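These are the residues of each chain, in order.
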Amino acid sequence: MRTDSGQVFRLEDYKPSDYLITHTDLLFRLDPTATLVTAKLSVKRRDGVAANAPVVLDGDGLVLESLSINGMPVSDDRYKATPDSLEISGLPQEASFELEIVTRISPVTNKALMGLYQSSGNYCTQCEAEGFRRITYFLDRPDNLSTFTVRIEAKKSEAPVLLSNGNPVEQGSLDSEWHYAVWHDPFPKPSYLFALVAGDLGSIHDTFTTSSGREVALGIYVEHGKEPLATYAMDALKRSMRWDEERFGCEYDLSVFNIVAVSDFNMGAMENKGLNVFNDKYVLADPETATDADYANIEAIIAHEYFHNWTGNRITCRDWFQLCLKEGLTVYRDHEFSADQRSRPVKRIAEVRNLRALQFPEDQGPLAHPVRPRRYKEINNFYTSTVYEKGSEVVRMIHTILGAEQFRAGMDLYFQRHDGQAVTIEDFIACFQEASGRALTHFALWYHQAGTPRVNVTSSYEADTGDFVLNVEQSVPPTPAESMKKPLHIPLAYGLLGPNGEDMEVGSVEGATVADGVIHLTEGSQTVRFRGIGSRPVLSLNRGFSSPIVLKQDLTKEDRLFLARHDSDLYNRWEAINALCVEALIAASTSGSYDFDPALVQCLVEMASNESLEPAYRALALSLPTEADIAREIGSNVNPDAVLAARSALRLAIGSAARDAFGRIYDAQADRQPFSPDAASAGKRSLRNILLDYLVAADGSPELASRQFEAADNMTDRAAALSVLAHQYPQHEATQKALSAFEERFCDNALVMDKWFIIQATIPGAATLDLVRGLTAHPAFSLTNPNRVRSLVGTFASGNQTGFHRADGAGYRFLADTVIALDKHNPQVAARLSTAFRSWRSMEAGRQEKARKALASINEVPNLSRDVKDIVERTLG
Ligand code: PHE
Ligand code: ZN
């Protein structure tokens, strides 16, 4: 395991390597405890490098078996091999030579799930970011682009299926017991995109014909018996391939594209060239076991990994500081795909809720870092919401600033100029500047400066002159190691609503660049003057959430209700009602008095009943801010129990006021058709299920939820009913009965049991900790499977405000103990789990002290991984 050495990697220290590995020939002789890896590397000294410069290769926990150069063994005095590096000197005078390295590794004991490991008895690899060095010594850095030829030898009985990157070249039998396959990937790639899969797997197959008429063989490999569960993923893959051609002109390049689903995986999925490896949670689905959210995630992640083929693989990162180059851009692309496949406003609202729930707290807490970080101790800890989601928002802003046409021209130039290269954010931005002729120098600060900008807007209408005047101030609060902040270029899409609710014509504007419905802020303080406005308008600002900021405006309650009813921008209609709810909930949780404004309740009921809005949108309008949302808006001295009480009170107030209307809509949305996962059907279910939560609260009885639970013919309705039962009536007999029935029915399906864990882990209240502790001993739970850990412990820590933040600190203690136990075999997942502590300073004083103690207790454990040490140290600050 990599423990903390105190080493910090810095962007400004980037230096190209002295040598390049231009071709990599790998031979794997697979064995659970003693796999032999023979790597024949074509090494090239770079021009200008002294002939006596040593080759220094990365390793991680490796054992060297043998070493030769140009076929001759290397004498002991010419190399130094440690588990972590291999340094060879006295190299040939010629600029090119062949290095052969043999290492021996043990996949079955690899529980970190990086490098070559086994999952359910099948061999698979995970190499991003620095996992390839656990397989063989290598220049394990993304700027070393190499072609790969891979020969896999395995026992036929153990691994009838043998897969790697690129195109299949050859396969055959070695003897009665062993066989082999050879794969060749002609596209030079960094080692993090290498993959190998070998095992006894079932599969489904299809074909895709690309825009230029080439046929691609598609395969999805899953556990035997699960083949029918992969058909939705296959459909999503074909739609992704078509969409990328149509929207971005990106055509697939190999003759095969394979996906493998594995049940032990640290992340969501991985874009290895021509051989994506997926967490099975993001492949397998049928109506019986998957929710609508699962279907939507599968579609999005299949697309995301596929889109990496151009944004990540054909054009890759120069170094890991550039991670957002591939991730932010690819998230933007998968968001656009989902928006096109489903509903754009619904998708946008979901994105913003997610950004605020995950990225905002990161950007406003001890782990804040720029979209392109300048330093790291452990790169695994930078696969963050900031790099991914804020990275995507930054690309979206480029689109907003340039417009669709110039944005596409910039992308085209990027693909054309940098295909086959490992590049930087500067290279990326330069393409948009050159293609559009517009300067993005100031805008680029979004990549370099951490923190969520605050924008404060006050407005006045001068009736005598017809001027509508905005005073706008922006600032970025300090973040760790960055106390001085500069103003950003913030594009604010906007509209002015007239008294009839329609957008007014805007004449001349002074004080800022305003074009195509966008105000471009560039200074700390600006006055924007709209001339010739006939009557006092209501300002709709940051439409579509055009910039990822915290916006404070002097809108009145009436203004917000007006926007919620009339804004032509559906995103801002939702934002208006959401802001009203947040405001009401903060007031209620700090005062303890629950008399909610009937006008707010009335507006929510209207939105729920408004047939001109699609059901999924109405469901979002009715989804109250979560406890975590409210806590974040309160910001400091948070008492989670008061927040929960306020939220439950508002739910009850709305449910009671609208009991009859909600009951009618609930009945009307019932689907008499056979289940279909399409967006429209899913939207109806989401509206019905949010209404169920209100109706059960208003009824004061679990009856309706029990009925839905029993009648459900799909997992969406079943899990929603179970969740309402468990969260509103945790002790009730009906809940216990439903939980047991669910468990009995699905105990053999690990992914469904995850839902059972999640529902229980998120039951509000102090008692849930003991329940969760007890469930860690459940036969379906396992500390070595990341999905189980995330469902039970991760969800408890990040999704249960009153449970995790229990006043006595026992929730913190439990998380600390789990992190310590997990760190011994899976540092990456342990580190991620420990980020649940990141908002500890916003709690009230008593809880803060208990959280600090729990964090300190992790920090004191000897031989902590570099991953956990880095998070804990930064979180303690
Ligand atoms: N590159 C993967 C993605 O974004 C994520 C990942 C990172 C997977 C590291 C595994 C390990 O799609
Ligand atoms: Zn990605």
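Quick caveat, the model's predicted, so the values are computed rather than measured.

A separate point is the sheet that holds strand S6 (residues 72-73). One open sheet accounts for eight strands, arranged S6-S5-S9-S3-S2-S12-S15-S14; its pairing is mixed. Sheet topology places S6 and strand S14 (167-173) at the edges, where each strand pairs with a single neighbour. Looking at chain direction, strand S2 (residues 19-29) and strand S3 (residues 35-45) are connected through 10 bridges and run antiparallel. Pairing of Ile21 across the sheet is with Val43, part of S3.

On to the packing of helix H1 (residues 231-248) against helix H3 (residues 323-341). At a minimum axis separation of 11 Å, H1 and H3 run at an interaxial angle of 105°. Comparing the axis directions of H1 and H3 gives the class roughly perpendicular. Contact with H1, carried on its side by Arg239, Ser240, Trp243 and Arg247, involves Glu336, Phe337, Asp340 and Gln341 of H3 and no other residues of that element. Grouping the constituent residues of the contact of H1 with H3 by class yields two nonpolar, two polar and four charged.

Looking now at the site of ligand 1. Looking at ligand 1, the residues that line it are Gln126, Glu128, Ala129, Asn266, Met267, Ala269, Met270, Glu271, His304, Glu305, Glu327 and Tyr383. Elements supplying a minimum of two residues to the shell around ligand 1: strand S20 (269-270) and helix H2 (292-307). In terms of residue class, the shell around ligand 1 is built from five nonpolar, three polar and four charged. Both domain 1 (1-200) and domain 2 (201-314) contribute no fewer than three residues apiece to the shell around ligand 1.

Moving on: unusual backbone geometry. Across the junction of Glu128 and Ala129, the peptide omega takes the value 0°, indicating a cis bond. One can find Ala129 in the loop between strand S11 (122-126) and strand S12 (146-155). A positive phi angle, close to 50°, is found at Asp516, a residue other than glycine. Among the secondary structure elements, Asp516 is positioned in the loop between strand S29 (513-515) and strand S30 (518-521).

Rules used in this analysis
- Residues numbered from 1 in each chain as written.
- Chains lettered and ligands numbered in written order.
- Predicted model: local features only at pLDDT ≥ 70, side-chain atom pairs only at ≥ 80, totals over all residues.
- Pairing = 2+ DSSP bridges.
- Helix = DSSP H or I, 4+ residues; strand = E, 2+ residues; numbered from the N terminus.
- Axes fitted to C-alpha atoms, helices over the stretch in contact; angles between N-to-C directions.
- Parallel < 35°, antiparallel > 145°, perpendicular 65-115°, else oblique.
- Contact = placed C-beta atoms within 7 Å.
- Nonpolar A, V, L, I, M, F, W, Y, C, P; charged D, E, K, R; others polar.
- Near = placed C-beta within 6 Å.
- Domains from an automatic or database assignment.

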